[in-house]
Amino acid sequence: MTVKHWFPLALGVVVALLIPAVTHDNYVIQLLNIAILNAIVVLGLNFATGWVGQINFGQAAFYGLGAYTTGIAAKAGLPWITTPFLSVVIVMAASLVLGLPTLRLRTYYLAMTTIGFGEIVRLIIVHWEPVTGGTSGLRAIPGIGVFGIGPQGQVQHYYLLIAVLAIAALVAARIRQSSLGRAMIATKDSEIAAEQSGVDTTRTKLIAFMIGAVYAGLAGCLYASSIRFISPDSFSGTQAILLMTMLIVGGMGSIPGCIIGAVGLTILPEALRFLGQWYLVLYGLGVIAVIVLAPGGLASLASRLPRWAGAR
Amino acid sequence: MTDQAIITARGVTRRFGGLVALDDVDLDVPKGIVQAIIGPNGSGKTTLLNALSGASHADAGSIRIDGKEIFRLRPNRIARLGLARTFQNIRVFSNLTVLENVKVAAACNTPMSMLNIMLSNGTQRQREAEIESTSREALEIVSLAARADDRPTQLPYAQQRLLEIARALASKPKVLLLDEPAAGMNMTESMTLLDTIAKLKGKGITILLVEHNVRLVMGISDRVAVLDFGKKIAEGAPSAVQQNPLVIEAYLGRRHRHA
Amino acid sequence: MGQLVVNGLALGSIYALVALGLLLIFNTVQIVNFAQGQLLMLGAFIGISGAVTHELPMALAWASTMLAMALIGIVFMVLVYFPLRGRPPFLVILTTIAMGIVLENIALIIWGPLPVSLPSPVRGPPLRFAGVVISMHQLFIFCTLAVILLLQYLMLTKTRFGILMQATAQDLHTARLVGIPVNRTIAVAFAFGAILSGIAGLLVAPIFLAEPTMGGSLGLKGFVVSVIGGFGNLPGAVIGGLFLGLIETFGARYISSNFRDAYAFIVMIAVLVAWPRGLFGEKSSEKV
Ligand SMILES: Nc1ncnc2c1ncn2[C@@H]1O[C@H](COP(=O)(O)OP(=O)(O)OP(=O)(O)O)[C@@H](O)[C@H]1O
Ligand SMILES: [Mg+2]
């Protein structure tokens, strides 16, 4: 790692840590908290989609499974500390059930099965009303707390979530630097060459998919216990598409790209509220523009920036 | 069957619809030699390599590598048993660096644990260090060490072929299959390639070399097998094969038929 | 029971129409249009604009809708297909989804979120026999599907366009080399694909009412049908559509109507787990 790598990273961390000092608006901080949670989910999506190249519209459903597992468990009176584990167990089981038979499918079919999975999960959440609260969701979910100690207020939650995001990004970076990360990218670039180099591509696909689900499940757990209100809308098919666009716009395969994309596309709709319905029109056109003009996403534009500025 | 044969293939057959791309092919390759497979375009050379490496399985037959039956095993299993290959149409990992391309294969027999990766502990760092040194050695052999941090797509065509060889070597194979490694290379590059192949043979690696440029392989090969329309029509020492009327007919006759 | 069959088949006919539109585009350029449902929705609303808002005669409203859909199909091609030619299917999926979002929200801006109804082009008392009621509109749906199926079959097998389309699908590059007007062929495919979904929209609106968000699930159903029936398979699309219509109608009646939209996906996932390339799936062997 050189100064070129360290500087933007350090800058990002400093800015992130200073934000609560600049704004005391709880609404803004809560929005940022959701942005951070989305960033964790998108980092998870990046394993299967950004690195292995497998389309996945099921990520929102894993996010939702994690959130609902935690919401239901916490409301039933289980101590908070058990909820991350429960969420992880549930999403791992679900990702195994979905991934095992479907990861060999071709792009279109995989897209459809993951959309279908998301839709089935959503329908279960909506219609299993006594447990999930149906369309009105679950309210007043007990907050994060271990032996009575936990973050109070939006700002403390913000710092906690920033720390979790940092760990999530660090783990992703370590995977990228390991034989597992290389196997993922090799699988995307040429499945057959990867196989002939000794990579079990089926297993690699499944592992990437499952790690991604675990990221989403944990983010879901934190969502339920820090926002303390969940409803099916936050984990719908629309959300799945949004997560995918965060990844594409930020830059597939790039860890900073995932974070930029997730934070940007979580905040943008709020900032552009005045556009009303036009926002979604522009959003759709913007996604097409990025895919056509900058296939590497914003992260790739950023890496071109120094050259434009004449720096080296 | 010679007991020191490292590849023993029996009755290997592959059909594509009505086309019989490999027709009951037998092949014995003794340990440590350079075995060439030649034949006109479309004679089934690549199909044979695919059957051996598991990339595209044969419909029938038996294939043993070093005594182990590998027929219909997944390619990654075959790779881990010690068979590596390169591709006729280059397949490098374009989103990895040159060094990382090689590392993919170098990790082939290294155990992997999520926990170690997440903790990035001593075991993990030592494993990665071993993978790195194996990979750098492999790049050294094909003289690509200086390009380690470049993207493979920044390399000229000939060097991408060398990168594939380095990648194959990094898995420390017993058998190396090369599918037209000299394609797209100029004379000097081809000569260097032949030197490299000789070096590898010196290290005890058995090499199966597919070429349709007959002259190129004659000097370096210990044995030559000739395929035509999916059948093995001749096999033996290079000089003997060159004189074989069936072989001359396959090469020259085809050209006449086309003309 | 008999009534459920009729209702299921009517619904299934509409799914089949969506699938036929998808098929036309897929057969020519090998891309799956995830905005097909939004095209259907546009068809419904353009029809409503004509027939209800501007009080045009029904035939004229239908004709102008089809014309508008042809244009929209071509615009769609220019915006979505051309810039992405030869790019990975992954990106094409996302682009068509994004285009669907654009269309849906433009519709919301123009027509508002409230459901509106479109009268059926046919009037008259329903037919009854053996306790089964078949409305004139249902009858009209069946006839439309039959006519379109026949026309599409003739077009693909008997006309010059059909041959050009097949050649384009098989090998775009070679097709261009031998002088086939590739772009024009593709444009025609997109235009007809859009017209078919427009017709589906005109047929759905009298039953379910039209609203800008109606497209999403109908488009996906069309895709499910294509998977069940096999991509690019004309009879497969029709049989798959009718089959899905029946499954949904019966599932909603006898299992649970809450999970109506899930049955399609469950069937599709089951089919794909058993036959990873679809029921009548294309066999392709990648060259190594
Ligand atoms: N996946 C496939 N599907 C259909 N036919 C195939 C496939 N792969 C190979 N073939 C056919 O099998 C025959 C043998 O092909 P192969 O690639 O093995 O020839 P080759 O000897 O390697 O030729 P070349 O010198 O051109 O590389 C050819 O007729 C080819 O068209
Ligand atoms: Mg070949």
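Worth saying up front: this structure is predicted, and the values here are computed from it rather than measured.

Rules used in this analysis
- Residues numbered from 1 in each chain as written.
- Chains lettered and ligands numbered in written order.
- Predicted model: local features only at pLDDT ≥ 70, side-chain atom pairs only at ≥ 80, totals over all residues.
- Heavy atoms only, no water.
- Helix = DSSP H or I, 4+ residues; strand = E, 2+ residues; numbered from the N terminus.
- Buried < 20%, exposed > 50% of the residue type's maximum accessible area, 1.4 Å probe, protein only.
- Areas by Shrake-Rupley, 256 points an atom, 1.4 Å probe, with all protein chains shown as cover.
- Contact = heavy atoms within 4.5 Å.
- Buried area = accessible area lost by both parts, 1.4 Å probe.
- Salt bridge = Lys/Arg side-chain N within 4 Å of Asp/Glu carboxyl O.
- Polar contact = N/O pair within 3.5 Å; in protein donor to acceptor, adjacent residues only side chain to side chain.
- Near = heavy atom within 4 Å.
- Nonpolar A, V, L, I, M, F, W, Y, C, P; charged D, E, K, R; others polar.
- Pairing = 2+ DSSP bridges.
- Axes fitted to C-alpha atoms, helices over the stretch in contact; angles between N-to-C directions.
- pLDDT = per-residue confidence, 0-100.
- Donors = N, O, S within 2.8 Å, 3.2 Å for Na, K, Ca; no water.
- Phe/Tyr/Trp six-rings, centres within 6.5 Å; stacked < 30°, edge-to-face > 60°.
- Patch = residues over 30% accessible without salt bridge, like charges linked within 9 Å, V, L, I, M, F, W, Y side chains within 5 Å.
- Domains from an automatic or database assignment.

## Quick word on the overall build of chain B
1) Next: In terms of helices and strands, chain B carries 10 helices and 10 strands.
2) Next: Along the three orthogonal principal directions, the C-alpha set of chain B runs to about 65 × 40 × 35 Å.
3) Next: Split into buried and exposed, the 259 residues of chain B put 55% on the buried side.
4) Next: When the accessible area of chain B is evaluated, it comes to approximately 11300 Å², of which 52% is carbon and sulfur surface.

## Description of the interface of chain A and chain C
1) Next: Listed as interface residues are 39 residues of chain A and, on the opposing side, 44 residues of chain C.
2) Next: When chain A packs against chain C, the two sides together hide about 3700 Å² of surface, and 81% of this comes from carbon and sulfur.
3) Next: Considering only the surface of chain A that becomes buried against chain C, A:Tyr108, A:Tyr109 and A:Met112 emerge as the three largest contributors, covering 22% of it.
4) Next: Linking chain A to chain C there are 0 salt bridges.
5) Next: Here chain A is connected to chain C by 5 residue pairs in polar contact (both at pLDDT 80 or more).

## Focus: the site of ligand 1
1) Next: Neighbouring ligand 1 are 16 residues, the closest being B:Gly42, B:Lys45, B:Thr46, B:Thr47 and B:Gln88.
2) Next: Surrounding ligand 1 are residues belonging to chains B and C, so the site spans chains.
3) Next: The side chain of B:Asn41 places a nitrogen or oxygen atom 3.0 Å from an oxygen atom of ligand 1.
4) Next: In the environment of ligand 1, an oxygen atom lies 2.8 Å from a nitrogen or oxygen atom belonging to the side chain of B:Gln88.
5) Next: Alone, ligand 1 offers 630 Å² of accessible surface; in the complex the protein occludes 76% of this.
6) Next: Broken down by element, the residue count for the shell around ligand 1 peaks at 3 residues, all from helix α1 (residues 45-53) of chain B.
7) Next: Classifying every residue of the shell around ligand 1 by side-chain character gives 4 nonpolar, 9 polar and 3 charged.

## Digging into the sheet that holds strand β10 (residues 231-236) of chain B
All names here are of chain B.
1) Next: Across the sheet, which stays open at both edges, the 6 strands sit in the order β6-β7-β8-β3-β9-β10 with mixed pairing between neighbours. Each having just a single partner strand, β6 (83-85) and β10 make up the two edges of the open sheet. Each neighbouring strand pair of the sheet contributes to a mean axis angle of 20°, computed without reference to strand direction.
2) Next: The strands that helix α6 (residues 157-170) touches are β6 and β7 (175-179); relative to β7, the one it contacts most, it runs at about 160°.
3) Next: Taken strand by strand, helix α7 (residues 187-202) contacts β3 (34-38), β7 and β8 (206-211), and its axis lies near 155° from that of β8.

## Considering the interface of chain A and chain B
Reports of interface size often rely on the accessible area that becomes lost once the parts have come together.
1) Next: Taken together, the 28 residues of chain A in the interface contact 32 residues of chain B.
2) Next: Both sides of the chain A and chain B interface together cover about 2500 Å² of buried area, and 59% of this is carbon and sulfur.
3) Next: If you look at where chain A meets chain B, you find 4 salt bridges.
4) Next: Among the ionic pairs, A:Glu195 bridges to B:Arg74, the shortest N-O distance being 2.4 Å.

## Some points on the pairing of strand β2 (residues 19-30) of chain B
Residue and element names in this part refer to chain B.
1) Next: Bridge count for strand β1 (residues 5-16) against β2 is 8 bridges, and the pairing is antiparallel. Within β2, the position partnered with arginine 15 by the bridge is valine 20.
2) Next: Counting the residues in the hairpin turn of β1 and β2 gives 2 residues, including glycine 17, whose phi is positive at 60°.

## Topic: the pairing of strand β4 (residues 60-65) of chain B
Residues and elements named next belong to chain B.
1) Next: Of the pairings in the sheet, the one linking β1 to β4 comprises 5 bridges and is antiparallel in character. Looking at the pairing, threonine 13 lines up with alanine 60 of β4.
2) Next: As defined by bridge partners, β4 adjoins strand β5 (residues 68-69) across 2 bridges and the pair is classed as antiparallel. Residue pairing in the sheet places isoleucine 65 in a bridge with lysine 68 of β5.

## Some details on the confidence of the model for chain C
All names here are of chain C.
1) Next: Considering every residue of chain C, the mean pLDDT works out to 88; 97% of them sit at 70 or more.
2) Next: No element of chain C has a lower mean pLDDT than helix α7 (residues 172-177), at 80, and none a higher one than helix α2 (residues 36-53), at 94.
3) Next: Taken over the whole predicted complex, pTM reads 0.92, whereas the ipTM for its chain interfaces reads 0.93.

## So, the coordination of the magnesium ion (ligand 2)
Residue and element names in this part refer to chain B.
1) Next: Surrounding the magnesium ion (ligand 2) are the protein donor atoms Thr46 (OG1) and Gln88 (OE1), which sit 1.9 to 2.1 Å from the metal. Highlighted residues: threonine 46 in helix α1 and glutamine 88 in the loop between β6 and α3 (98-106), separated in sequence by 42 residues.
2) Next: You can call threonine 46 buried: its relative accessible area is 16%.

## Section: the packing of aromatic side chains
1) Next: In the structure shown here, the tally under the stated rule is 17 aromatic pairs over all chains.
2) Next: Ring geometry for C:Phe76 and C:Phe190: centres 6.4 Å apart, planes at 35°, overall tilted. Taken as a pair, C:Phe76 in helix α3 (residues 58-81) and C:Phe190 in helix α8 (residues 182-208) lie far apart in primary sequence, 114 residues in all. The pair C:Phe76 / C:Phe190 is uniform in exposure class, with both members buried.
3) Next: Ring geometry for C:Phe250 versus C:Tyr254: centroids 6.1 Å apart, planes at 25°, classification stacked. In this pair, C:Phe250 and C:Tyr254 are both assigned in helix α10 (residues 234-254), 4 residues apart and thus about one turn of the helix distant.
4) Next: Feature note: the residues A:Tyr63, A:Tyr68, A:Tyr223 and A:Phe235 constitute an aromatic cluster, connected by ring pairs.

## Quick notes on a nonpolar patch on the surface
Residues and elements named next belong to chain A.
1) Next: Taken together, the side chains of Trp6, Leu9, Val13, Leu17, Val155 and Tyr159 make up a nonpolar region of the molecular surface, amounting to roughly 520 Å² of accessible area.
2) Next: At the level of secondary structure, the elements contributing two or more residues to the nonpolar patch comprise α1 (3-22) and α7 (153-176).
3) Next: For the nonpolar patch, the leading source of residues is α1, giving 4 residues.
4) Next: One can find valine 13 in helix α1.
5) Next: Residue classification places valine 13 among the partly exposed residues on the basis of a relative accessible area of 45%.

## What about the domain arrangement of chain B?
Residue and element names in this part refer to chain B.
1) Next: The assigned domain composition of chain B is domain 1 (1-82 + 174-259) and domain 2 (91-172).
2) Next: Using only C-alpha atoms to locate each centre, domain 1 and domain 2 end up separated by 27 Å.
3) Next: Contact residues are listed per partner, giving 18 residues for domain 1 and 12 residues for domain 2.
4) Next: In total, domain 1 and domain 2 occlude about 1100 Å² of area from one another, counting both sides; carbon and sulfur atoms represent 72% of this.
5) Next: In this assembly, domain 1 and domain 2 are joined by 0 salt bridges.
6) Next: Mapped by element, the contributors of at least two residues to the side of domain 1 that touches domain 2 are α2 (75-80), β7 and α7.
7) Next: When residues of the side of domain 1 that touches domain 2 are assigned to their parent elements, the largest contribution, 5 residues, is made by α7.
8) Next: Looking at the side of domain 1 that touches domain 2 residue by residue, the class counts come to 9 nonpolar, 2 polar and 7 charged.

## Concerning the pattern of salt bridges
1) Next: Per the stated rule, a full pass over the model turns up 21 salt bridges over all chains.
2) Next: Here A:Arg176 ties to B:Glu100 by a salt bridge, and the two come within 3.0 Å at their closest N and O atoms. In this pair, A:Arg176 sits in helix α7 while B:Glu100 sits in helix α3, so the two residues belong to two different chains.
3) Next: Residue A:Glu270 is joined to A:Arg273 by a salt bridge in which the shortest nitrogen-to-oxygen separation is 3.3 Å.
4) Next: Here A:Arg273 falls in the exposed class, since its relative accessible area comes to 58%.
5) Next: Each of A:Glu195, A:Asp200 and B:Arg74 takes part in a single network of salt bridges with overlapping partners.

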